[in-house]
Amino acid sequence: MDMHLSSNNGPVVDRNEAEQRIAGPAKERLVVVGNGMAGMKTVEELLAKAPGRYEITVFGAEPHPNYNRIMLSPVLAGEKTFDQIVLNSREWYDANGITLLTGEPVEGIDRAAKTVVSQSGRVVSYDRLLLATGSMPFIIPVPGATLPGVIGFRDLADVDAMLEAAARGGRAVVIGGGLLGLEAANGLRVKGMDVTVIHLMPTLMERQLDPSAGTLLQRELERRGIEVLTGADTAEILGDERVTAVRLKDGRELPADIVVMAVGIRPNMALGKLAGLDCGRGIRVDDQMRTSDPSIFAVGECVEHRGVTWGLVAPLFEMAKVLADRLAGGEGGAYTGSVTSTKLKVTGVDVFSAGDFSGGEGTEDIVFRDAARGVYKRLVLKDGKLLGAVLYGDTKDGAWYFSLLKDGADVSAERETMIFGQGFGGADAGDPNAAIAALPDSAEICGCNGVCKGTIVKAITDKGLTSLDEVKAHTKASASCGGCAGTVERLLAVTLGDGFTAAPTVKPMCKCTHHSHDAVRAAIVDRGLKSMADVFQAMEWTTPDGCASCRPALNYYLLCAWPGEYTDDYQSRYINERVHANIQKDGTYSVVPRMWGGLTTASELRAIADVVDKFAIPTVKVTGGQRIDLFGVKKEDLPAVWADLNAAGMVSGHAYAKGLRTVKTCVGSEWCRFGTQDSTGLGVKLERMTWGTWTPHKVKLAVSGCPRNCAEATIKDLGVVCIDSGYELHVGGNGGLHVRACDLLVRVATEEEVLEYTGAFMQLYREEARYLERTAPWVERVGLDHIKAALVEDPERRRDLNARFLFSQTFSQDDPWAERAAKGVDRHEFNLLAEVG
Amino acid sequence: MDSIITEATALETVWTLVGSVDDIPVLGSRVVRTPQGDIALFRTAADEVFALEDSCPHKNGPLSQGIVHGHRVTCPLHNWVIELATGEAVAPDEGRTGHVPVRVEGRSVALALGEAKLSRGGCRKACGHV
Ligand SMILES: Cc1cc2nc3c(=O)[nH]c(=O)nc-3n(C[C@H](O)[C@H](O)[C@H](O)COP(=O)(O)OP(=O)(O)OC[C@H]3O[C@@H](n4cnc5c(N)ncnc54)[C@H](O)[C@@H]3O)c2cc1C
Ligand code: HEM
Ligand code: SF4
Ligand code: SF4
Ligand code: FES
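Residue indices begin from 1 for each chain and proceed along its sequence in written order. As they are written, the chains are lettered A onward and the ligands numbered 1 onward, keeping that order. Under the rules for a predicted model, residues below a pLDDT of 70 receive no local features and side-chain atom pairs below 80 are neither given nor counted, while totals for whole chains, interfaces and linings still include all residues. Calculation of side-chain values draws on the structure's entire complement of heavy atoms; hydrogens and water are dropped beforehand.

Draft legend 1. Local environment of helix 21 (residues 638-647) of chain A. All names here are of chain A. Residues Leu638, Pro639, Val641, Trp642 and Leu645 constitute the buried set of helix 21. Here the buried residues of helix 21 occupy an arc of 160 degrees about the axis, which is enough to place them on one side. Note on contacts: a residue pair is in contact if any heavy atoms of the two residues lie within 4.5 Å. What counts as a helix is a DSSP run of H or I of at least four residues, what counts as a strand is a run of E of at least two, and both are numbered from the N terminus. The secondary structure elements touched by the buried residues of helix 21 are helix 19 (575-579), strand 29 (589-591), helix 20 (602-614), strand 31 (628-633) and helix 27 (816-821). Positive phi shows up at Gly649, right after helix 21, with a value of about 90 degrees. Exposure classes here rest on a 1.4 Å probe applied to the protein chains alone. A residue is buried below 20% of its type maximum, exposed above 50%, and partly exposed in between. Note: the arc covers the axis-to-C-beta directions of the helix.

What follows is the structure, given as structure tokens:
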């Protein structure tokens, strides 16, 4: 091939085969820049519609014929060879009279002369020019991003580079937990590398999947040996001659032999820009795929159409059809945008998503979870139409949902049953009972125990069963996770007709689930559920992200079960606990610094007085908990107020918390003539031990120095009354709406015992009470004997409980005020997003 | 020739840029202060953004301080549940707070403050509460 180079002073027209192959003078010349999926789809469609109309020249930067880019993932994973993914061979180009120039990027367009010039200096004239230059991997601008060993995932050269690295083994870090990144990670893992995925967002593929599905996906990838770090922000890529590691913003360093950048794509519009075409985020085109120059068209990922750029093949193919029609001389339809769906191409992992989840007025979620099969499905409906679908673990109905979605079909009649898939509905789709009646006998009802419909119906009729419990006992259906209990009840109803009345079931935690608090808690511990999304899935929540009632409870249960492991979810906390102050009716906050055992000093009081002056705090009040409450503090002022209080040695009093509030004391033996023990000193010790803990509801302690009980210890959650021979421990008391005096738990001789019993009692309450259940109703519900059995009669259990309490305290005794005042934690909570106007 | 991209709406609607989606916690809220009062911006699990007057139709509780779930927020003061898209209280409660059109482009969030349908809260039960 002619390889002489052109100089800059004007195009040298290369009279090679391209020019000479002109078949007739009337033939228009079409030049295609970009030998990729969109460009060649357009050419294929054009050849089908108007064969021989154009004299076609195709420039491709890559040295290959046209191949199926989306199949690069299976090539990487070793499931396909390159030859298997070639779409059009060189022979095909020849046979269709197309001049294919591979390894030859176009570098310039002369719109006036209507020519393009390639890197090698070749100049080719066009009547119509098609830009189909695709896109490039977005490389995040961190130091080290250009080091050798940093690879994108876009073309065969990238795949070859990855395969070469994988052959040497070692460690790969993939930056980006989207479709591309995960397919790269899977391929590299299959090829034997140790792979870590770093993802900025809290869950994987957050563009396509909701957090529930994203978490399931993460668990599956982890099971396959891929490490996934979410919420991880890359700071720097390290290495001298080539990459050696990736450093995260939180300081963690991950050794790496290669780094794959898969954080997104950038439309490749350089050529269009250079030629002065109207460009935004891509080369701008109208509904006929025409750029701002009427002779130049563009399709594929390089375009911006109606403000949108695309990164999947389906919309590009739609564009290609419209354009081919136009080029073939037809009036053509118009391309008006696409509805897309996504499937992850990792063998054995079924993930599907389509449409959009931007709800709005009247959107409605239908959620189905089958914990046993690892299935999660969510449909978003609006006005009787399907808006979006996310499927995990069972994607066979993806295509059906997608067509309903694209057609804007009215699905109100199938609303109740469509989540179960196509064909579930049968004739009378609107009625779930009818749908169940229509199921074949072989349909599996209970996934856990593999019980099918026929078995259950037979048991009901043969054995005369009338209740869910009987069906459970006889068939094991719904005896494990209980997820199919509703279906079994429907089967009973269908089989027995009027003879069936649903049994009263346990009170569910909230409308998002049919499980009780106790069942959920037990599952968290027994099944090792360590995140909210895991609980939602395992316990088959019917909402995507819970509600204001279950989320705070789950957050507490997880925190209690997995100290040090579970990360507190602040968005699931009530505002007071989120900002560490009490919201007042006017939207201002109150601030209560801790005064250990009710003791204070001149310098603390002075600091409080200064804060009151400085921030013009309107009300200062002494609380019933023996400390000082500052009312009417503006939210924006909170961190500054705390900073000043911290500087004087004070910390949060947790007056806002479902946690330890106060330890009220009397002066005791130090001053009082009746005092038997140092009640104040013991109160301080108790408060130092228990502060900062999170509990199902608030907890208040008190220590009185003698039975005169000036600290009102016998209406506290735990009250200590000092006596000559030691200490009486009283539990389960409450003032308030329903006054309840404490029950006497035990008498002990030493302060050490008081502390151990207190820790053990706190932990028993933390582990057994339901969220928002105070100690008084809890003690009444479980009975004092139950508590005595655990704490008094079983010293070993008491020691264990106390040890667990103290262990969890090692994670909770950081002053939340200091973190926010000095370390800038949750700064967003206290600042406006913006001030306008 | 046919128009390329028409920005017809740009003539009528003024969009005020207020920040990035990433500035708002997922399932959380941030406040924008405007001459018409505070506007609460909410971000859902699916990264949608909604804007409501930061004032509950019940007794003007600050909705920005509530718990966000699905497409709703629960008011921190007395647990009314408000639709993020419309400001409408969920039954059995009745009332509506103002909402502001939001546009997200890339990660940028803009408000059409001129189009805002702001009420001063106000419950329809006509018992005199504001
Ligand atoms: C690994 C991987 C997996 C994917 N999986 C899926 C999937 O499952 N589903 C899906 O829908 N999509 C998937 N995609 C996206 C899909 O491949 C793209 O949307 C599609 O290939 C874009 O087509 P295009 O023609 O616009 O760009 P490309 O196919 O990239 O073609 C552009 C071509 O133009 C060439 N070029 C660029 N500049 C010049 C120049 N100046 N001169 C000459 N040639 C030039 C490029 O080298 C390239 O060959 C995947 C992509 C990758 C990389
Ligand atoms: C019905 C349930 C109750 C509710 C809703 C309730 C509410 C509150 C609130 C909101 C505060 C914090 C005030 C502030 O700082 O902004 C508070 C503080 C306090 N409450 Fe209650 N309370 C209840 C029951 C009780 C009971 C039964 C008692 C005592 C027997 C009690 C005693 C106190 C005390 C002493 C304080 C100050 C605590 C401190 O110093 O931290 N409350 N209560
Ligand atoms: S409880 Fe007893 S020791 Fe304490 S102040 Fe009252 S009388 Fe004195
Ligand atoms: S008694 Fe009633 S009014 Fe007084 S602080 Fe407690 S809840 Fe508020
Ligand atoms: S002010 Fe919102 S619920 Fe009362």
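Draft legend 2. Spotlight on the site of ligand 3. Near residues are defined by distance, with any heavy atom within 4 Å of the molecule or strand qualifying the residue. Ligand 3 sits among Cys666, Gly668, Cys672, Phe674, Gly675, Ser704, Gly705, Cys706, Arg708, Asn709 and Cys710 of chain A. Residue classes in the shell around ligand 3 are distributed as five nonpolar, five polar and one charged. Gly falls in the polar group here, along with every residue not listed as nonpolar (Ala, Val, Leu, Ile, Met, Phe, Trp, Tyr, Cys, Pro) or charged (Asp, Glu, Lys, Arg).

Draft legend 3. Here's a closer look at the packing of helix 13 (residues 453-463) of chain A against helix 14 (residues 468-475) of chain A. Residue and element names in this part refer to chain A. As a packed pair, helix 13 and helix 14 sit with axes 10 Å apart at the nearest point and diverge in direction by 110 degrees. One finds that helix 13 runs roughly perpendicular with respect to helix 14. Between helix 13 and helix 14 lies a crossing whose hand is right-handed. Listed contacts from helix 14 to Thr455, Ile456, Ala459, Ile460 and Lys463 of helix 13 are Val471, His474 and Thr475. Here the contact of helix 13 with helix 14 is built from residues that sort into four nonpolar, three polar and one charged. A fitted line through C-alpha atoms represents every axis, and for helices the fit uses only the stretch in contact; the resulting angles, taken between N-to-C directions, go from 0 to 180 degrees. Here the word oblique covers every angle except those under 35 degrees (roughly parallel), over 145 (roughly antiparallel) and from 65 to 115 (roughly perpendicular). Here a crossing is taken to be left-handed if its near helix is turned anticlockwise relative to the far helix by less than a right angle, and right-handed if that turn runs clockwise.

Draft legend 4. Looking closely at the site of ligand 1. Residue and element names in this part refer to chain A. Ligand 1 sits among 31 residues. The nearest are Ala38, Glu62, Arg154, Glu301 and Lys345. Whenever a nitrogen or oxygen atom comes within 3.5 Å of another N or O atom, the pair is scored as a polar contact, on the condition that within protein one atom can donate a hydrogen and the other can accept it, and that pairs from neighbouring residues in sequence are kept only if both atoms are in side chains. In this structure, Glu62 approaches ligand 1 through a side-chain N or O atom, which is 2.7 Å from an oxygen atom. At 2.5 Å, a side-chain N or O of Glu301 approaches an oxygen atom of ligand 1. Methods summary: accessible areas were calculated by the Shrake-Rupley approach with a probe of 1.4 Å, and residue burial reflects only the protein chains presented. Compared with its free state, where it exposes 990 Å², ligand 1 has 91% of that area covered by protein. Put simply, the parts of the chain that give the shell around ligand 1 at least two residues each are helix 2 (37-49), helix 7 (179-190) and helix 10 (313-327). Where each domain begins and ends is defined by an automated method or by a domain database. Formed jointly, the shell around ligand 1 draws a minimum of three residues from each of two domains, domain 1 (2-134 + 267-327) and domain 2 (139-263).

Draft legend 5. The arrangement of the interface of chain B and chain A in detail. Taken together, the contacts link 43 residues of chain B with 47 residues of chain A. Once two parts are put together, the accessible area they lose, assessed with a 1.4 Å probe and summed over both, is termed the buried area. Buried area between chain B and chain A, both sides added, is near 3600 Å², and the carbon and sulfur share of it is 60%. When residues of the side of chain B that touches chain A are traced back to their parent elements, those giving at least two are strand 1 (16-20), strand 2 (28-34), strand 3 (37-43) and strand 5 (67-69) of chain B. Looking at the side of chain B that touches chain A element by element, the count peaks at six residues for strand 2 of chain B. Taken together, the residues that form the side of chain B that touches chain A break down as 22 nonpolar, twelve polar and nine charged. Of the pairings in the sheet, the one linking strand 37 (residues 834-835) of chain A to strand 2 of chain B comprises two bridges and is parallel in character. Bridging from a neighbouring strand, Glu835 of chain A pairs with Arg33 of chain B of strand 2 of chain B. Paired strands are those between which DSSP finds at least two bridges.

Draft legend 6. Spatial organisation of the packing of aromatic side chains. Residues and elements named next belong to chain A. For this analysis, a ring pair means two rings from Phe, Tyr or Trp (six-membered ring only for Trp) whose centres lie within 6.5 Å, classed as stacked if their planes differ by under 30 degrees, edge-to-face if by over 60, and tilted for the remaining angles. Applying the stated criterion across every chain yields a total of twelve aromatic pairs over all chains. Relative to Trp778, the ring of Tyr765 has its centre 5.4 Å away and its plane inclined at 50 degrees; by these criteria the two rings are tilted. You can see Tyr765 sitting in helix 23 (residues 751-768) and its partner Trp778 sitting in helix 24 (residues 775-782), a full 13 residues away along the chain. Accessibility expressed as a relative area gives 0% for Tyr765, which makes it buried. By way of ring pairs, the aromatic residues Tyr556, Tyr557 and Tyr771 are connected into one cluster. For a ring to carry a charge above it, either NZ of a lysine or CZ of an arginine must fall within 6 Å of the ring centroid while also lying within 35 degrees of the normal to the ring plane. Seen from the ring of Phe317, Lys41 lies directly overhead, with NZ or CZ sitting 4.6 Å from the centre.

Draft legend 7. Geometry of the packing of helix 2 of chain A against helix 10 of chain A. All names here are of chain A. Where helix 2 contacts helix 10, the two axes come as close as 8 Å, and the packing angle between them is 40 degrees. By the angle class used here, helix 2 and helix 10 are oblique. Of the two possible hands of crossing, helix 2 and helix 10 adopt the one that is right-handed. Contacts between helix 2 and helix 10 pair Met37, Ala38, Lys41, Thr42, Glu45, Leu46 and Lys49 from the former with Val313, Leu316, Phe317, Ala320, Lys321, Leu323, Ala324, Asp325 and Leu327 from the latter.

Draft legend 8. Seen up close, the pattern of salt bridges. Think of a salt bridge as a Lys or Arg side-chain nitrogen and an Asp or Glu carboxyl oxygen that are within 4 Å of each other. Scanning the model with the defined rule gives 56 salt bridges over all chains in all. The residue Glu751 of chain A makes a salt bridge to Lys685 of chain A at a minimum N-O spacing of 2.4 Å. You can see Glu751 of chain A sitting in helix 23 and its partner Lys685 of chain A sitting in helix 22 (residues 679-690), a full 66 residues away along the chain. Owing to a relative accessible area of 15%, Glu751 of chain A belongs among the buried residues under this scheme. What makes Lys685 of chain A partly exposed here is its relative accessible area of 41%. Among the ionic pairs, Arg798 of chain A bridges to Glu756 of chain A, the shortest N-O distance being 2.8 Å. Remark: Glu756 of chain A occurs in helix 23 and Arg798 of chain A occurs in helix 26 (residues 795-812); sequence separation between them is 42 residues. Judged by relative accessible area, Arg798 of chain A falls into the buried class, the value being 11%. In this structure, a network of salt bridges that share partners links the residues Arg207 of chain A together with Asp22, Arg43, Asp47 and Arg107 of chain B.

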